[in-house]
Amino acid sequence: MPRAYWKGTLKLSLVTCPVALYPATTSVEKTRFHMINAETGNRLKQQMIDEDTGEVVEKDQKARGYEVRKGKYIEIEKDELEAVQIESTHTIDIDSFVPADEIDQRFLNHPYYIVPDGKAGVDAFAVIRDAMKDKGRVALGRIVLTNREHVLAIEPFGKGLLATTLRYPYELRDAGEYFDGIKSPKISKDMIELAGHILETKAAHFDPKTFKDEYETALKALVKRKASGKSIKLPEPEEKESNVVSLMDALKQSLEGGKSGTKTGKAHSRRKASRSSRTTTKARRSNARQRKAG
């Protein structure tokens, strides 16, 4: 088990128990790349540059600034920031219990697992967990993480608890700005029924095991092939099918399994651009790496 992200006390009125918080998600398995010098193969190092002078800014010259108007900043000192930071009490205070279906999904942010920290608080932990399970409610609590106070939605999850940090209202964009301009066309009942039948043919249960990150799989294969010295064959571009049909025809064909009578066939076109410049560049990079190795 990884190291706990946070340790403290879960508190419900006078009932308390020591708990530990662990991130419920990870990106460790994702393929990541570093920026390198294409000529030498060396990793690049980032530097901060003054946008006016173009000079490199050293670490002791860096400061935080807030833009009060275009191009005008006020510097915020470190001790000034510390003066407004919320002191961590290492306590999750439960303020209220709400129905789960009342939580707007847009507010959900980062999930964490909450587990008892040691044997002493297991009974109290189980009481809080099972009471929520019995009432079908989600606890709303407060926690200080990295000097900021967050609201937590806490719910039973297996033998433990799942805590999800919630966004504040000011972090959400108004949906009306995006949806108000959507027209409301008159759709026939037949079209809606056809669409409903298509939905029924694709009805399923939520199962994340069926999720396949095809891009990540392809990235891993690419890296493995490249590392073994094998060449990478680039796919030929394809022209998209011209398959313009009416909405009703599209619905009918979808219900029949996606068959279309208006296919024009796939047209493949060869790359016309010369690859000589790319070959030259690769050769130059290879020579540079060989010189470095020697």
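Provided above is the structure to which this section pertains.
Residues numbered from 1 in each chain as written. Predicted model: local features only at pLDDT ≥ 70, side-chain atom pairs only at ≥ 80, totals over all residues. Heavy atoms only, no water.

*Asks:* I'd like to hear about the overall build of the protein, residue by residue, with values.
*Replies:* Within the protein, the regular secondary structure consists of seven helices and nine strands. Put simply, 64% of the contacts in the protein that link residues at least 6 apart link residues at least 24 apart. When the accessible area of the protein is evaluated, it comes to approximately 24200 Å², of which 53% is carbon and sulfur surface. (Helix = DSSP H or I, 4+ residues; strand = E, 2+ residues; numbered from the N terminus. Contact = heavy atoms within 4.5 Å. Areas by Shrake-Rupley, 256 points an atom, 1.4 Å probe, with all protein chains shown as cover.)

*Asks:* Tell me about the sheet that holds strand E9 (residues 160-166), residues and numbers included.
*Replies:* Spatial strand order, E1-E2-E6-E9-E8-E7-E5: seven strands in a closed barrel with mixed pairing. This sheet shows a mean twist of 40° between the axes of neighbouring strands, independent of strand direction. Both strand E7 (residues 137-145) and strand E8 (residues 148-157) contribute to a ladder of seven bridges, which runs antiparallel. Bridge pairing links Leu145 to Arg148 in E8. Against the sheet, helix H2 (residues 122-135) touches strand E1 (6-12), strand E2 (15-23), strand E5 (91-99), strand E6 (108-116), E7, E8 and E9, its axis set at about 80° to E2. (Pairing = 2+ DSSP bridges. Axes fitted to C-alpha atoms, helices over the stretch in contact; angles between N-to-C directions.)

*Asks:* Lay out the packing of aromatic side chains with the relevant residues and their values.
*Replies:* Counted according to the given criterion, the structure contains four aromatic pairs. Seen from their ring centres, Tyr168 and Tyr170 are 5.9 Å apart, and the 5° between their planes marks the pair as stacked. Note on Phe206 and Phe211: the rings are 5.7 Å apart at their centroids and 75° apart in plane angle, and the pair reads as edge-to-face. Accessibility classification places Phe206 together with Phe211 in one group, the exposed group. (Phe/Tyr/Trp six-rings, centres within 6.5 Å; stacked < 30°, edge-to-face > 60°. Buried < 20%, exposed > 50% of the residue type's maximum accessible area, 1.4 Å probe, protein only.)

*Asks:* Any chance you could break down the nonpolar core for me, citing the residues and the numbers?
*Replies:* In this structure, Leu10, Val19, Ile92, Ile114 and Ile154 are the most contacted members of the largest nonpolar core, which totals 20 residues. Of all the secondary-structure elements, those providing two or more residues to this core are E1, E2, E5, E6, H2, E7, E8 and E9. Here this core gets four residues from one element, more than from any other, and that element is H2. Listed in part, the five residues of the second largest apolar core include Val98, Ile103, Val138 and Leu166. (Core = buried A, V, L, I, M, F, W, Y, C linked by side-chain atoms within 4.5 Å.)

*Asks:* Mind laying out the environment of Ala120, listing which residues take part and the relevant values?
*Replies:* Locating Ala120 in the fold gives a position in the loop between E6 and H2. Residues Ala120 and Pro18, 102 residues apart in the sequence, show an inter-C-alpha distance of 7.8 Å.

*Asks:* So, the packing of helix H4 (residues 189-201) against helix H6 (residues 247-255): which residues are in play, and what are the values?
*Replies:* Two numbers describe how H4 lies on H6: the axes approach to 9 Å, and their chain directions differ by 25°. Taken together, the axis directions place H4 and H6 in an arrangement best described as roughly parallel. Note on packing geometry: the crossing formed by H4 with H6 is left-handed. Contacts between H4 and H6 involve Asp190, Met191, Leu194, Ala195, His197, Ile198 and Thr201 from the first element and Leu247, Met248, Leu251, Lys252, Ser254 and Leu255 from the second. (Parallel < 35°, antiparallel > 145°, perpendicular 65-115°, else oblique. Left-handed = near helix turned anticlockwise from the far one by under 90°.)

*Asks:* Can you lay out the layout of surface pockets for me, pointing to particular residues and giving the numbers?
*Replies:* Quantified by volume, the second largest pocket comes out at close to 500 Å³. In terms of lining, the second largest pocket is formed by 15 residues, of which the most central are Asp50, Glu51, Ala63, Gly65 and Tyr73. Only strand E3 (64-69) and strand E4 (72-76) provide two or more residues apiece to the lining of the second largest pocket. With three residues, E4 is the largest single contributor of residues to the lining of the second largest pocket. Taken together, the residues of the lining of the second largest pocket break down into six nonpolar, three polar and six charged. (1 Å grid on protein atoms, 1.4 Å probe; cavity = no way out; pocket = protein on both sides within 12 Å on 5 of 7 lines; lining within 4 Å. Points joined across faces, edges and corners; volume = space filled by probe spheres on them. Nonpolar A, V, L, I, M, F, W, Y, C, P; charged D, E, K, R; others polar.)

*Asks:* Please set out the pattern of salt bridges residue by residue, giving values where relevant.
*Replies:* The final tally for this structure, using the stated rule, is seven salt bridges. Here Arg142 makes a salt bridge to Glu149, at a shortest N to O gap of 3.7 Å. In this structure Arg142 comes out as partly exposed when scored by relative accessible area, which is 32%. Put simply, Glu216 and Lys220 hold a salt bridge, and the shortest N to O gap is 3.3 Å. With Glu216 and Lys220 both in helix H5 (residues 214-227) and four residues apart, the pair spans about one turn of that helix. (Salt bridge = Lys/Arg side-chain N within 4 Å of Asp/Glu carboxyl O.)

*Asks:* Explain a nonpolar patch on the surface to me, and be specific about the residues and the numbers.
*Replies:* Among the surface-exposed residues, Tyr66, Val68 and Ile74 lie close enough to one another that they form a single nonpolar patch of about 300 Å² accessible area. Mapping Tyr66 onto the fold places it in strand E3. On the basis of relative accessibility, which here comes to 55%, the residue Tyr66 falls in the exposed class. (Patch = residues over 30% accessible without salt bridge, like charges linked within 9 Å, V, L, I, M, F, W, Y side chains within 5 Å.)

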